Amino acid sequence: MPKITLPDGSQRDYDKPVTVAEIAESIGAGLARAALAGRVDGELVDTSFEVNTDAEVAIVTARDSDGLEVLRHSCAHLMAQAVQRLFPKAQVTIGPVVEDGFFYDFAFERAFTPEDLQAIEKMMQAIVKEDLVVQRSIMSRDEAVAMFKDMGEVYKVEIIEGIPGDEDLSFYRQGEFIDLCRGPHVPSTGKSATFKLTSVAGAYWRGDSNNEMLQRIHGTAWGSKKDLKLYLQRLEEAEKRDHRKLGKKLDLFHFQEEAPGMVFWHPKGWTIYLVIESYMRQVQNASHYQEIRTPQLVDYSLWEKSGHAAKFADEMFTVESDNRLYAIKPMNCPCHIQVFNQGLKSYRDLPLRLAEFGSCHRYEPSGSMHGLMRVRSFVQDDGHIFCTEDQIQSEVADFMDLLFAVYRDFGFDDVILRLSTRPQKRVGSDALWGDAEQALKDALNATGLPWELVPGEGAFYGPKIEYSLKDCMGRIQQCGTIQVDFFTPGSLGAHYIAEDNSKKVPVMLHRAVLGSFERFIGVLIEHHAGAMPAWLAPEQAIILNITDKQAKYCTQLQESLKNKGFRVSADLRNEKIGFKIREHTLQKIPYLLVVGDKEVESSTVAVRKRGGEDLGTMTFEDFCNHLSHDVSHFGRGEISAEQ
RNA sequence: GCUCGCAUAGCUCAGGCGGUAGAGCGCUUCAUUGGUAAUGAAGAGGUCCCCGGUUCAACUCCGGGUGUGAGCACCA
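First, a word on what this report is: a plain description of the structure on this page. This one's a predicted model, so the numbers in the text were calculated from it and none came from an experiment.

Some details on the overall build of chain A
Item 1. Broken down by element type, chain A carries 20 helices and 36 strands.
Item 2. Its C-alpha atoms give chain A principal-axis dimensions of roughly 85 × 75 × 55 Å.
Item 3. Scored against the burial criterion, the 643 residues of chain A give a buried share of 49%.
Item 4. The centroid of the 73 positive side-chain charges in chain A is displaced by 5 Å from the centroid of its 94 negative side-chain charges.

Take a look at the structure:
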């Protein structure tokens, strides 16, 4: 007779096997109603699951993340059922849970329209009202194949045929709809009430671009109306922060048809860029990098030698001149090796760290471009460290220290670490790969931070670590990287004389902290909602006069502040002060300096922060100190609540 | 690159079952010199993305292209 232990430690005895639903019922009617699934000895199960031995049981509701996941998965089934009721010819494929929601891929003769989505949503509501019982059943593989063949569901047949052996498969039925699924699912369709279909778009069958394209309908589902509303608000907020919109509104940059995927930086956007560049230059100098500059156009033969042409020929821009073919460089490393190759190098020269703010062009697929985040022309804070195998670990460790310090200065405390290891197609011995992977693992472990292993995703020449930032919306943006390369230096003839007088090929570490300036600035804009911290703001302060009478004082003040190295403008237009305040607040300028007769008389300024906070009047000196103090703190620990 | 949308004034967007277009903001001019998120009035401003086709007539319909958005695929 089962003795059930509940999460709070209390125990209940039952005189016969009980289902999860019955356990919930015995605790309370409210819980029984809310029960979506159960967790029995750690395993997620349906509420119909029968417990016949002593077990730890938790009732899963929409309040916990497990419950939400079950709810979303069931919502995907609900949507598939609705689609098949409305469009019997539509075939079902897969329908997993994703962050905040779910999707289901269908094969259908025509595209679903937004009107179709509305109809589907309505049908889903109807099925919720019907409150169909969701029943689990087991079928053999052959039975299942026969059933789906009979239904004309060729994709399901393909899925099942791909499942090895003769293991039994579980199915979930609700009314006339049945789907292959591991489960668990909600006990009845009446449990999934709060959802919204959000979009329809193409998606390749099995994620392979050689396959036919299916139609993916995305939806979001929540445990309560309130949560759904919060989610939709979050989407709105993300849209407001979209760097493409803010870039236009704040006059930072633009794109135009004649140069797809290439940025026209405006004065304000370029100011941000330059501030970041000079900051990085200073950081790199302090970390013993030597900055260099290499050509944009390099004979194609170099890219053939380096191995890039073989792999990326389609993604390289080329230029023909004087019967020679050049590639516009897609990366900087081959050029850096040319610099390394000048003069004979000794082991005493290693590690040699070369850095370049290298401008690169890549022909990115048209569909992948996205504002500043993915462009065809970009600049990397690129660097290559030439070293011995023994030096890999300490160089990687030093780099990580530098990277974390930089990220902190930019206000990013949440960094996600991923190690990508040997891919199937690779160069170099397994022993070499083993050592390199171990060196990276050791460096990761030394941080004490959690990291993720991504097997098989390394570059063909070596393993890599990628560093992603989590912005204030929780979105993950890959920026930094360090990659171990055993191959390229040798292929381009790099060597040094070792202690034993032998000729050896150096290991090269490719590394970048920000990645591309373009992308990084895009991330910053969205993270700060355009309200850049003072050290990055293109205009740090603006002086506003009340009437013409103070114009001269304002101009003098502006000059004095400029001479101190601040980025300050003045708005002396014949407008009311309220109008000016509004306009420059919307332009997200950190400090608004109001000057009227009172300020002129007392040689002061009235300081207002962009958030609306009044700092009162202060002297020129006091304001300089205040701004200097703000600037010197970079963006550390900043939470950009200001709009 | 693939699927489906979208492209109208500097910006944000209306609009017409085919008869060359409109708002708000911005811009210019005039009045106003006003103390912390929008002063008032007048005016200027458009090859309705590009190239073809249908038509008496195309910004509107059809075909192609380019750019762009969402998603997929890709990302040295």
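Following the structure, the description resumes.
Quick notes on the protein's contact with RNA strand B
Item 1. Taken together, 51 residues form the shell around RNA strand B, and within it Tyr204, Met331, Ile546, Asn574 and Arg582 come nearest.
Item 2. Backbone atoms, meaning sugar and phosphate, make up 46% of the atoms of RNA strand B lying within 4 Å of the protein.
Item 3. Between a phosphate oxygen of RNA strand B and a side-chain N or O atom of Ser366, the distance comes to 2.9 Å.
Item 4. If you list the elements that add at least two residues to the surface near RNA strand B, you get β14 (194-204), β15 (213-222), α8 (243-249), α11 (308-312), α18 (577-586), α19 (597-602) and β35 (604-609).
Item 5. At 7 residues, the largest contribution of residues to the surface near RNA strand B is made by α18.
Item 6. Of the residues belonging to the surface near RNA strand B, the class tally is 20 nonpolar, 15 polar and 16 charged.

Section: the sheet that holds strand β12 (residues 169-174)
Item 1. Ordered in space as β11-β12-β13, the 3 strands form an open sheet in which the pairing is antiparallel. Sheet topology places β11 (134-139) and β13 (177-180) at the edges, where each strand pairs with a single neighbour. When strand polarity is set aside, the average angle formed by the axes of neighbouring strands in this sheet is 25°.
Item 2. Pairing between β12 and β13: 4 bridges, direction antiparallel. Within the sheet, the bridge partner assigned to Arg173 lies in β13 and is Ile178.
Item 3. Lying over the sheet, helix α3 (residues 65-86) contacts β12 and β13, oriented at roughly 130° with respect to β13.

Considerations on the layout of surface pockets
To find leftover empty space, one rolls a probe the size of a water molecule over the atoms.
Item 1. Here the largest pocket defines a volume of roughly 1,300 Å³.
Item 2. Lining of the largest pocket is provided by 41 residues; of these, Arg362, Gln380, Lys464, Glu466 and Gln483 occupy positions nearest its centre.
Item 3. In terms of residue count, strand β31 (residues 507-516) provides more of the lining of the largest pocket than any other element does, 5 residues in total.
Item 4. Residues belonging to the lining of the largest pocket are distributed by class as follows: 16 nonpolar, 11 polar and 14 charged.

Here's the deal with the packing of α3 against helix α4 (residues 114-130)
Item 1. Relative orientation of the contacting elements α3 and α4 amounts to 110°, with a least axis distance of 8 Å. The angle between α3 and α4 places the two elements in the roughly perpendicular class. By crossing handedness, the relation of α3 to α4 is classed as right-handed. Only Ala119, Ile120, Met123, Met124, Ile127, Val128 and Glu130 of α4 make contact with α3, whose side of the interface consists of Cys75, Leu78, Met79, Gln81, Ala82, Val83, Arg85 and Leu86.
Item 2. A class-by-class count of the residues in the contact of α3 with α4 yields 12 nonpolar, 1 polar and 2 charged.

Some thoughts on unusual backbone geometry
Item 1. Residue Pro184 follows Gly183 across a cis peptide bond; omega there is 0°.
Item 2. That bond from Leu350 to Pro351 is cis: its omega, -5°, falls within 30 degrees of zero.
Item 3. Despite not being glycine, Ala529 has its phi angle at roughly 55°, a positive value.
Item 4. In this structure, Ala529 sits in the loop between α16 (517-527) and β32 (541-545).
Item 5. Take Ala529: its relative accessible area is 3%, and that puts it in the buried class.

Examining the environment of Glu575
Item 1. Structurally, Glu575 is set in the loop between β33 (568-571) and α18.
Item 2. A C-alpha to C-alpha distance of 8.2 Å links Glu575 and Ile546, two positions 29 residues apart in sequence.
Item 3. If sequence neighbours within four positions are ignored, Glu575 has contacts with Ile546 and Lys580.

Notes on the sheet that holds strand β21 (residues 324-328)
Item 1. An order of β19-β21-β20 is seen for the 3 strands of this open sheet, with the pairing classed as antiparallel. Edge positions in the open sheet fall to β19 (297-299) and β20 (318-321), since each of these has one partner strand only. In this sheet, adjacent strand axes meet at a mean angle of 40° when their direction is disregarded.
Item 2. Of the pairings in the sheet, the one linking β19 to β21 comprises 3 bridges and is antiparallel in character. From the neighbouring strand, Val298 faces β21, where its bridge partner is Ala327.

Side note on helix α17 (residues 551-563)
Item 1. For α17, built from 13 residues, the straight-helix expectation of 18 Å at 1.5 Å per residue is met to within 8% by its first-to-last C-alpha distance of 18 Å.
Item 2. Inspection of α17 places Tyr553, Cys554, Leu557, Gln558 and Leu561 among the buried residues, and these make up the whole buried set. For α17, the angular spread of buried residues about the axis comes to 135°, placing them on one side. Exposed residues on α17 whose side chains face more than 90 degrees from its buried face are Lys552 and Asn563.

Scoring rules and cut-offs
- Residues numbered from 1 in each chain as written.
- Chains lettered and ligands numbered in written order.
- Predicted model: local features only at pLDDT ≥ 70, side-chain atom pairs only at ≥ 80, totals over all residues.
- Heavy atoms only, no water.
- Helix = DSSP H or I, 4+ residues; strand = E, 2+ residues; numbered from the N terminus.
- Buried < 20%, exposed > 50% of the residue type's maximum accessible area, 1.4 Å probe, protein only.
- Lys, Arg positive; Asp, Glu negative; His and termini not counted.
- Charge placed at Lys NZ, Arg CZ, Asp CG, Glu CD.
- Near = heavy atom within 4 Å.
- Polar contact = N/O pair within 3.5 Å; in protein donor to acceptor, adjacent residues only side chain to side chain.
- Nonpolar A, V, L, I, M, F, W, Y, C, P; charged D, E, K, R; others polar.
- Pairing = 2+ DSSP bridges.
- Axes fitted to C-alpha atoms, helices over the stretch in contact; angles between N-to-C directions.
- Contact = heavy atoms within 4.5 Å.
- 1 Å grid on protein atoms, 1.4 Å probe; cavity = no way out; pocket = protein on both sides within 12 Å on 5 of 7 lines; lining within 4 Å.
- Points joined across faces, edges and corners; volume = space filled by probe spheres on them.
- Parallel < 35°, antiparallel > 145°, perpendicular 65-115°, else oblique.
- Left-handed = near helix turned anticlockwise from the far one by under 90°.
- Expected span 1.5 Å × (residues − 1).
- Arc of directions from axis to C-beta.

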